[in-house]
Amino acid sequence: MIKLKIPATSANLGAGFDALGLSLSYYNYVNMEEAEGCQISSLDGTDVPADENNLIYHTAKTVYDICGRNFKGLKIEQINNIPMARGLGSSSACIIAGLAGANRLMGDPLSLDEMVDLAAQIEGHPDNTAPALLGGIVTAVFDGKKVHWVKQEVFTTLKFIAVIPDFELKTEKARACLPKEVSHKDAVYNLSRAALFSASLLTGKYENLRTAVHDRLHQPYRMELIPHGRDIFDIAYTNGAYAAYISGAGPCLMTIVDAENKFFAGKMRFALDNMGLASWEVKEMHIDNDGCRVE
Ligand code: HSE
């Protein structure tokens, strides 16, 4: 039985729509071995599809097919900590589990680059799948077939504190509300900030992050789908966050906070409770530089 540990991811990082993403210290665990047919169980009671539509199983089968290997079936055991359809890369974590797991079970026929490409082809964009596999902060361009990527490790004590709503927001819905075209001015607005984000994070110029996460391609539209979102950003900045942005397609609201800001999570919890949002979660994470681990 092989064991996989797959991190959550936060994509877009504000302005880097479909291009930037980073890996976080919040994990799904998957055990996998070749077996007869489809044998899927959840070890933590999370309701997961137990048939061939299970994304881990389906991805693994696809990878066997692509590699021309005979696929008889798989036994899969899942611990699903990353909440689904919240903007923390839960579907990418399943895709990477299926891909990296199948690759290991077949004796590692695929290179790392091939896995990055395949994962993006399956997901449609690389900004969750690439950091889930590689770790760190990943800058990626997907040309439809191939991903041109750079992974950078981030050595920081910054905290990434997520405010996780109690409702799901499917990526398809969150993409359907976006404009088909944007102005040249807005394109410049975003590309300059996306570049500023990585450079500032990597060099410790954290005071730039608030400017860097502003964007005109997706957050203004998606914010309409996240009740209380703007208020929560205001509260985060009042409590000293460096930055607040919609994680991935949302509805998770991610904040970036200095390690010295010790009571930030407690203050957010208190504010949410006072807003009647006791069922929303506050989750503290750090950057994971390792990505998916397979044993
Ligand atoms: N870049 C993607 C989006 C990430 O914002 O739609 C979510 O899967």
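Residues numbered from 1 in each chain as written. Predicted model: local features only at pLDDT ≥ 70, side-chain atom pairs only at ≥ 80, totals over all residues. Heavy atoms only, no water.

## Here we look at the packing of helix α1 (residues 55-66) against helix α2 (residues 90-105)
It is at 8 Å that the axes of α1 and α2 come closest, and there the two elements cross at 40°. What the angle tells us is that α1 and α2 run oblique. For the crossing formed where α1 meets α2, the hand is right-handed. On α2, the residues that touch L55, I56, T59, A60, V63 and Y64 of α1 are S91, C94, I95, A97, G98, L99, A102 and L105. Across the contact of α1 with α2, the residue classes break down as 11 nonpolar, 3 polar and no charged. (Axes fitted to C-alpha atoms, helices over the stretch in contact; angles between N-to-C directions. Helix = DSSP H or I, 4+ residues; strand = E, 2+ residues; numbered from the N terminus. Parallel < 35°, antiparallel > 145°, perpendicular 65-115°, else oblique. Left-handed = near helix turned anticlockwise from the far one by under 90°. Contact = heavy atoms within 4.5 Å. Nonpolar A, V, L, I, M, F, W, Y, C, P; charged D, E, K, R; others polar.)

## Re the site of the ligand
Close to the ligand lie N12, F17, D18, H125, D127, N128, T171, R175, R222, G248 and A249, which account for all nearby residues. One nitrogen or oxygen atom from the side chain of D18 is found 2.5 Å from a nitrogen atom belonging to the ligand. Here an oxygen atom of the ligand and a side-chain polar atom of R222 are 2.7 Å apart. Here the ligand loses 97% of its free accessible area of 260 Å² to cover by the protein chains. Tallied by class, the residues present in the shell around the ligand amount to 2 nonpolar, 5 polar and 4 charged. Of the domains in this structure, domain 1 (2-153 + 290-294) and domain 2 (159-285) are the two that each give at least three residues to the shell around the ligand. (Near = heavy atom within 4 Å. Polar contact = N/O pair within 3.5 Å; in protein donor to acceptor, adjacent residues only side chain to side chain. Areas by Shrake-Rupley, 256 points an atom, 1.4 Å probe, with all protein chains shown as cover. Domains from an automatic or database assignment.)

## Re the nonpolar core
Counting 87 residues, the largest nonpolar core has I6, L88, F160, F197, L201 and M254 as its most contacted members. For this core, the element with the most residues is α2, which contributes 8 residues. Looking at which domains feed residues into this core, each of domain 1 (2-153 + 290-294) and domain 2 (159-285) gives three or more. Discounting chain neighbours no more than four positions away, the residues touching L88 are A8, T9, L24, Y26, I82, P83, I164, S247, C252, M254 and M285. (Core = buried A, V, L, I, M, F, W, Y, C linked by side-chain atoms within 4.5 Å. Buried < 20%, exposed > 50% of the residue type's maximum accessible area, 1.4 Å probe, protein only.)

## Here's the deal with the sheet that holds strand β10 (residues 281-285)
If you walk across this open sheet you meet the 4 strands as β8-β9-β7-β10, and the pairing is antiparallel. Sheet topology places β8 (243-246) and β10 at the edges, where each strand pairs with a single neighbour. Averaged over all pairs of adjacent strands, the angle between strand axes in this sheet comes to 20°, irrespective of strand direction. Note that strand β7 (residues 159-164) and strand β9 (residues 253-257) share 5 bridges and pair antiparallel. (Pairing = 2+ DSSP bridges.)

## What about the side chain of E77?
With respect to the helices, strands and loops of the structure, E77 is situated in strand β4 (residues 73-79). For E77, the residues in contact, after removing those within four places along its chain, are M1, Y29, V30, N31, S41 and L43.

## Notes on the pairing of strand β6 (residues 147-152)
With 6 bridges joining them, strand β5 (residues 137-142) and β6 adopt antiparallel strand pairing. Bridged to V141 within β6 is H148. The hairpin turn running from β5 into β6, its antiparallel successor, is 4 residues long, and G144 in that turn takes a positive phi close to 105°.

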